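Coordinates in review
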Amino acid sequence: MASSRDDVVEWLLDGDPAIRWQVLRDLVGADPESVATERARVAREGWGVRLLDLQWDDGSWDGGACFPNPVSETAYEREGQPWTATYPTLSLLIELGVDPADPRGADAFNRAGDGVRWEEGGQALFDGEVEPCINGRTVAIATYAGRDASPIVERLLAERLTDGGWNCEAPHASAVSSFDTTVNVLEGMAAYAAAGGRVPVDAALRGGEEYLLERRMFRRRSTGEVANPGYVRLAFPSQWHYDILRGLDHLRVAGRAPDARAAEAIDLLRSKRREDGRWDLDRVHAGRVHFSLESAGEPSRWITLRALRVLDWWDAR
């Protein structure tokens, strides 16, 4: 049976505070005080407080920056990349919307920034790493925490490839950008720009977005084939992976006008809508997590919220 938008919104509002405050802000148009009141619950109830409670005394989650310490190579090969260390956990807290002005949230980000060091070179967390895919999200995390990410941004600008995007393999001589790395960098730079960062990034943002749009958000430019089957399967949390919803949502968050080159991706997103007005979670990226948020193959509040926001942005053009 088909459901009205009001029915879907009511279902979303039955979810975790991390969902509810964003529904109030983005779909309901609630007053700022109501949104702020609901957002404050993220650090005290549900998924948000569960993650905050898992932070170690040294400021880390699971003992490491990008990977748990110790990390089991056998488990990595069997289960996939673990997502329980500091960097992926902070990324998830941002997506949940833990308020960085909340004392509990601010303390968690500051303790991580002051206490955690990268496995790669021993540098402080907010100083960044060497791979652009990691540094893109590090810019977003540092900016969210109120730290100056300008040195990382300058490095990313210097690492931009001639086709407009970025690739995590660039330090290893790759000359062609990837969807995955590019969207991670774009999200970080958009957050940095929105926070008033001192380094100009507008041209790089436009160039990276052009990289996606020239490829219709999920196709190879050379052949028109789907670049990766995973790009049309909607996941949450995204981790470092790209999919069409993540790419479209970046354009929305960055304030871009809808572009006709994204129309096929929008049509594909619409086609995934269930008769009851919800979207399923197509997949969860393999790897150990702190706890499960939703189940693959089931209606997803995260995907539904994000899809509705994107379609509202598109349809308002």
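One structure accompanies this document, and this report is about it. (Residues numbered from 1 in each chain as written. Predicted model: local features only at pLDDT ≥ 70, side-chain atom pairs only at ≥ 80, totals over all residues. Heavy atoms only, no water.)

Here's the deal with the packing of aromatic side chains
For any pair of aromatic rings, geometry is given as the distance between the ring centres together with the angle between the planes. Note the cut-off: Two rings from Phe, Tyr or Trp (for Trp, the six-membered ring) form a pair when their centres are within 6.5 Å of each other. A pair whose planes differ by under 30 degrees is stacked, one over 60 is edge-to-face, and the rest are tilted. The helix count covers DSSP runs of H or I at least four residues long, the strand count covers runs of E at least two residues long, and both are numbered beginning at the N terminus. Between buried and exposed lies partly exposed: a residue is buried under 20% and exposed over 50% of the maximum accessible area for its type, with that area taken using a 1.4 Å probe on protein chains only. Placement of a charge over a ring requires the Lys NZ or Arg CZ to be within 6 Å of the ring centre, with the centre-to-atom vector within 35 degrees of the ring normal.
The full count for this structure, using the stated rule, is 10 aromatic pairs. Aromatic side chains Phe-109 and Tyr-144 sit 5.5 Å apart centroid to centroid with 40 degrees between the ring planes, which places their arrangement in the tilted category. Of the two residues, Phe-109 is situated in helix α7 (residues 103-115) and Tyr-144 in helix α8 (residues 132-144); the sequence distance between them amounts to 35 residues. Taken individually, Phe-109 and Tyr-144 each receive the classification buried, so the pair is uniform in this respect. Aromatic side chains Phe-179 and Tyr-231 sit 5.0 Å apart centroid to centroid with 45 degrees between the ring planes, which places their arrangement in the tilted category. Here Phe-179, found in helix α10 (residues 179-194), pairs with Tyr-231, found in the loop between α11 (202-214) and α12 (244-253); they are 52 residues apart in sequence, far enough to count as distant. For Phe-179, a relative accessible area of 5% translates into the label buried. Tyr-231 gets classed as buried once you look at its relative accessible area, which sits at 7%. The ring of Trp-11 is capped by Arg-278, whose NZ or CZ atom sits 4.3 Å from the centre of that ring.

Here we look at the environment of Asn-110
One can find Asn-110 in helix α7. Residue classification places Asn-110 among the partly exposed residues on the basis of a relative accessible area of 30%. For the pair Asn-110 and Ser-177, spaced 67 residues apart in the sequence, the C-alpha separation amounts to 33 Å.

Some words on the pattern of salt bridges
Think of it this way: side chains of opposite charge can pair up when their charged atoms draw near. Keep this limit in mind: Salt-bridge detection follows one rule: a side-chain nitrogen of Lys or Arg within 4 Å of a carboxyl oxygen of Asp or Glu.
One pass over the structure, following the stated rule, counts 29 salt bridges. Among the ionic pairs, Asp-26 bridges to Arg-25, the shortest N-O distance being 2.8 Å. Classification of Arg-25 by relative accessible area gives partly exposed; the value is 40%. With a shortest N-O distance of 2.8 Å, Arg-309 and Asp-26 are connected by a salt bridge. Taken together, the residues span a long stretch of sequence, with Arg-309 in helix α14 (residues 301-315) and Asp-26 in helix α2 (residues 17-28) at a distance of 283 residues. You can call Arg-309 buried: its relative accessible area is 7%.

Details of the packing of α12 against helix α13 (residues 263-271)
Applied cut-off: Here an angle of 0 to 180 degrees is reported between the N-to-C directions of two axes, which are lines fitted to C-alpha atoms, with helices fitted over the stretch in contact. Orientation categories follow fixed angle ranges, with anything under 35 degrees roughly parallel, anything over 145 roughly antiparallel, 65 to 115 roughly perpendicular, and all other angles oblique. Handedness of a crossing is defined here by the sense of rotation of the near helix relative to the far one, left-handed for an anticlockwise turn of less than a right angle and right-handed for a clockwise turn. A contact between two residues is defined here by any heavy atoms of the two lying within 4.5 Å. Note on residue categories: nonpolar means Ala, Val, Leu, Ile, Met, Phe, Trp, Tyr, Cys or Pro, charged means Asp, Glu, Lys or Arg, and polar means any other residue, Gly included.
Between α12 and α13, the shortest axis-to-axis distance is 10 Å and the interhelical angle comes to 120 degrees. Regarding the angle of α12 to α13, the classification is oblique. The two elements α12 and α13 cross, and the hand of that crossing is left-handed. Residues Ile-244, Leu-245 and Leu-248 of α12 lie in contact with α13, whose contacting residues are Ala-265, Ile-266, Leu-268 and Leu-269. Among the residues making up the contact of α12 with α13, the classes are represented as seven nonpolar, no polar and no charged.

Here we look at the packing of α8 against α10
Between α8 and α10, the shortest axis-to-axis distance is 7 Å and the interhelical angle comes to 25 degrees. The orientation of α8 relative to α10 falls into the category roughly parallel. The chirality of how α8 crosses α10 is left-handed. In contact with Pro-132, Cys-133, Gly-136, Arg-137, Val-139, Ala-140 and Thr-143 of α8, α10 contributes Thr-181, Asn-184, Val-185, Gly-188, Met-189, Ala-191 and Tyr-192. Residue composition of the contact of α8 with α10, grouped by class: eight nonpolar, five polar and one charged.

Just distances and angles here, no functional claims.
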